[in-house]
Amino acid sequence: MKVVICSLLKFPEGDAGAIRQKKIAMMLKDIGHKVCVVGLGKYTGKKILQYEGIPYLSLRIFGEKKWSKIRSYLFYWIHLKKFLVAENPDIIIMDDMGLSCTIFLKKFCASRNIILIHDSVEWYSPEQFKYGKFSIRYLRKDILNRFLIDKHFRVIAISRYLYDYYSSKGIKCAYIPIVITEKDLCEEKHTSEDKIAYTYAGQPGKKDFLDVIVHAFSLLSDKDLEKIRINIVGCSEEQVLNSGIDKGYLEKLKNSIIFYGRVPHDKVIEILKKTDFTIMMRQSDQRYAKAGFPTKVVESLSNSTPVICNISSDLGDFLKDEYNALIVDDFDEYTLYKTLKRSINSTYSERRTFCENAFITAKSKFLYKYYINVLNALIEDKE
């Protein structure tokens, strides 16, 4: 069958969402479907190009000015409709494309008997936004998940939380977490016996609580701080300070902490090769943490790096304390501090074993080939 995956993402060079689209496209190709990804990446001259064997088209309007970008979003659905009419697909897969595009696709697919699938990857919590439940982004996502996604859709759910929610509404649903390919796996490690390296990658204050992490590290003694290196990837020291973290905490950690800012993905992988533990803390009781699935955890495991974290989303199904992770029992800085002490007191041999187990977990649990039949069953379901 002919499948179109459409979104407002910058495929193929975009973020985690674009990477997920690529994996889904690869799964569909392996099943035997003809796939094309339509997004808002760099201008392609209205031509279908290829990215690692995946055909894709950008509907971005030519021009670098802000107005061109705005027009690309405003008129996306019009250009998308022209493409879909010409292609006449059997299946359309969409992520969060906004309310107007979702309504258009819902009507378009119903009128043409096209299978419409929503790839559901998140559901915000009001606590994430300045104006809480009155924030536009929160309201838009809430309306999408509660009301627009109905039995006209089939759903790919990234978490058990979303799977259970949509299934309870009688919607055909498949559970597919973050998935990887064999090429994403890396066993190469260059860790040190003398220094334990920790890496945090992300942005403070959105999903992860970097303040809890920084505060926990600051509780360590000077003797312990001499044994460690803390890599902060994805944000600068200025951004961390602007997020509300007191300068005094960073001052105590100044000899142990390195800020990398935003770096290319290849650089992140190089840092992970020298990392003993990645670290992440999320408020597991909030809906965003239940509904999502942390991409960074799977990337860490696939690069042979165990994780220090509390349990959120479905991580409890994949992480085991002192096997491929060190689990933080509660969401607070003192409990994290005690877990950091466990990591510092571990032997080099134990840490190497954790790394090996992290790789084993990634290879045995997250390769996309394990979920191909799940996706195919969702498509082939005739009931």
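In the block above lies the structure referred to throughout.
Residues numbered from 1 in each chain as written. Predicted model: local features only at pLDDT ≥ 70, side-chain atom pairs only at ≥ 80, totals over all residues. Heavy atoms only, no water.

Asks: Please explain the overall build of the chain as it appears in this structure.
Replies: On a plain count of helices and strands, the chain comes out with 16 helices and 14 strands. With respect to the three principal axes, the spread of C-alpha positions in the chain is 70 × 40 × 40 Å. A burial count over the chain gives 54% of its 383 residues as buried. Sequence separation of 24 or more characterises 69% of the internal contacts of the chain that already satisfy a separation of 6 or more. (Helix = DSSP H or I, 4+ residues; strand = E, 2+ residues; numbered from the N terminus. Buried < 20%, exposed > 50% of the residue type's maximum accessible area, 1.4 Å probe, protein only. Contact = heavy atoms within 4.5 Å.)

Asks: Whenever I open this one, the environment of lysine 274 confuses me. Can you help?
Replies: You can see lysine 274 is positioned in the loop between helix H11 (265–273) and strand E12 (277–280). Residue classification places lysine 274 among the partly exposed residues on the basis of a relative accessible area of 46%. Along the primary structure lysine 274 and methionine 94 are separated by 180 residues, whereas in three dimensions their C-alpha atoms are 37 Å apart. When neighbours within four sequence positions are excluded, lysine 274 is seen to be in contact with His190, Thr191, Ala197 and Arg229.

Asks: Would you explain the nonpolar core in this entry?
Replies: Grouped together as the largest cluster of nonpolar side chains are 56 residues, with contacts concentrated most on Cys6, Leu80 and Leu105. Take this core: its biggest share by element is 5 residues, from helix H4 (residues 99–112). Leaving out residues up to four positions away in the same chain, cysteine 6 has contacts with Gln21, Val38, Tyr76, Leu80, Ile92, Ile93, Met94, Asp95, Met97 and Leu105. Formed by 31 residues, the second largest nonpolar core is a distinct cluster that contains Leu225, Ile230, Ile257 and Ile308. (Core = buried A, V, L, I, M, F, W, Y, C linked by side-chain atoms within 4.5 Å.)

Asks: Any chance you could explain the packing of H4 against helix H5 (residues 136–148) here in plain terms?
Replies: For any two helices packed against each other, one specifies the crossing angle of their axes together with the interaxial distance. Where H4 contacts H5, the two axes come as close as 10 Å, and the packing angle between them is 20°. Overall, the two elements H4 and H5 adopt an arrangement that is roughly parallel. Mapping the contact onto sequence places Leu99, Thr102, Ile103 and Lys106 in H4 and Arg140, Ile143, Leu144, Phe147 and Leu148 in H5. By residue class, the composition of the contact of H4 with H5 is 6 nonpolar, 1 polar and 2 charged. (Axes fitted to C-alpha atoms, helices over the stretch in contact; angles between N-to-C directions. Parallel < 35°, antiparallel > 145°, perpendicular 65-115°, else oblique. Nonpolar A, V, L, I, M, F, W, Y, C, P; charged D, E, K, R; others polar.)

Asks: Would you mind showing me how to read the pattern of salt bridges here?
Replies: This structure, assessed with the given rule, holds 21 salt bridges. Ionic pairing is found between arginine 140 and aspartate 96, a salt bridge with its closest N-O pair at 3.1 Å. Here aspartate 96 lies in the loop between strand E5 (91–94) and H4 and arginine 140 lies in helix H5, a separation of 44 residues in the sequence. Judged by relative accessible area, aspartate 96 falls into the buried class, the value being 19%. With its nearest N and O atoms 2.8 Å apart, the salt bridge here joins aspartate 224 to lysine 341. Taken together, the residues aspartate 224 in helix H8 (residues 222–225) and lysine 341 in helix H14 (residues 333–345) connect sequence positions 117 residues apart. Using a relative accessible area of 24% as the deciding quantity, one classes lysine 341 as partly exposed. Salt bridges here are not isolated pairs; linked through shared partners, they connect Asp96, Glu122, Arg140, Lys141 and Lys207. (Salt bridge = Lys/Arg side-chain N within 4 Å of Asp/Glu carboxyl O.)

Asks: Hey, could you run me through helix H6 (residues 160–168) in this one?
Replies: Residues separated by three or four positions in an α-helix point in the same direction, a consequence of the helix having 3.6 residues per turn. Turning to H6, its buried residues number three or more, namely Leu162, Tyr165 and Tyr166. Down the axis of H6, the smallest arc covering the buried residues is 90°, so these residues share one side. Packing partners of the buried residues in H6 comprise strand E6 (115–120), H5, strand E7 (154–157), strand E8 (173–175) and helix H12 (287–291). (Arc of directions from axis to C-beta.)

Asks: Got a minute to help me understand the sheet that holds strand E14 (residues 325–328) in this structure?
Replies: What holds strands together in a sheet is hydrogen bonding between their backbones, with the strands either parallel or antiparallel. Overall, parallel pairing links the 6 strands, which are arranged E11-E10-E9-E12-E13-E14 in an open sheet. Each edge of the sheet is formed by a strand with only one pairing partner; in this case those strands are strand E11 (257–261) and E14. Ignoring which end each strand starts from, the neighbouring axes of this sheet average 25° apart. Of the strand pairs in this sheet, strand E9 (residues 196–201) and strand E10 (residues 228–233) are connected by 6 bridges, and their pairing is parallel. Across the sheet, the residue bridging to alanine 201 is valine 233, located in E10. (Pairing = 2+ DSSP bridges.)

Asks: Explain H4 to me, please; I cannot follow it from the model alone.
Replies: Between its first and last C-alpha, H4 extends 20 Å over 14 residues, near the 20 Å set by a 1.5 Å rise per residue. Taken together, the buried positions of H4 are occupied by Cys101, Thr102, Phe104, Leu105, Lys106, Phe108 and Cys109. Buried positions along H4 lie against strand E1 (2–6), helix H3 (76–87), E5, E6 and H5. At the exit of H4 stands asparagine 113, carrying a positive phi of roughly 60°. (Expected span 1.5 Å × (residues − 1).)

Asks: What's the story with the pairing of strand E13 (residues 307–310) in this structure? I'm lost.
Replies: The side chains of a regular strand alternate between the sheet's two faces. Burial along E13 is two-sided: Val307 and Cys309 facing one way and Ile308 and Asn310 facing the other are all buried. Pairing of E12 with E13, which is carried by 3 bridges, proceeds in the parallel orientation. Paired with isoleucine 279 across the strands is isoleucine 308, a residue of E13.

Asks: Help me out: how do you make sense of the environment of asparagine 345 in this one?
Replies: Within the secondary structure, asparagine 345 sits in helix H14. C-alpha separation for the pair asparagine 345 and aspartate 224, spaced 121 residues apart in sequence, amounts to 9.5 Å.

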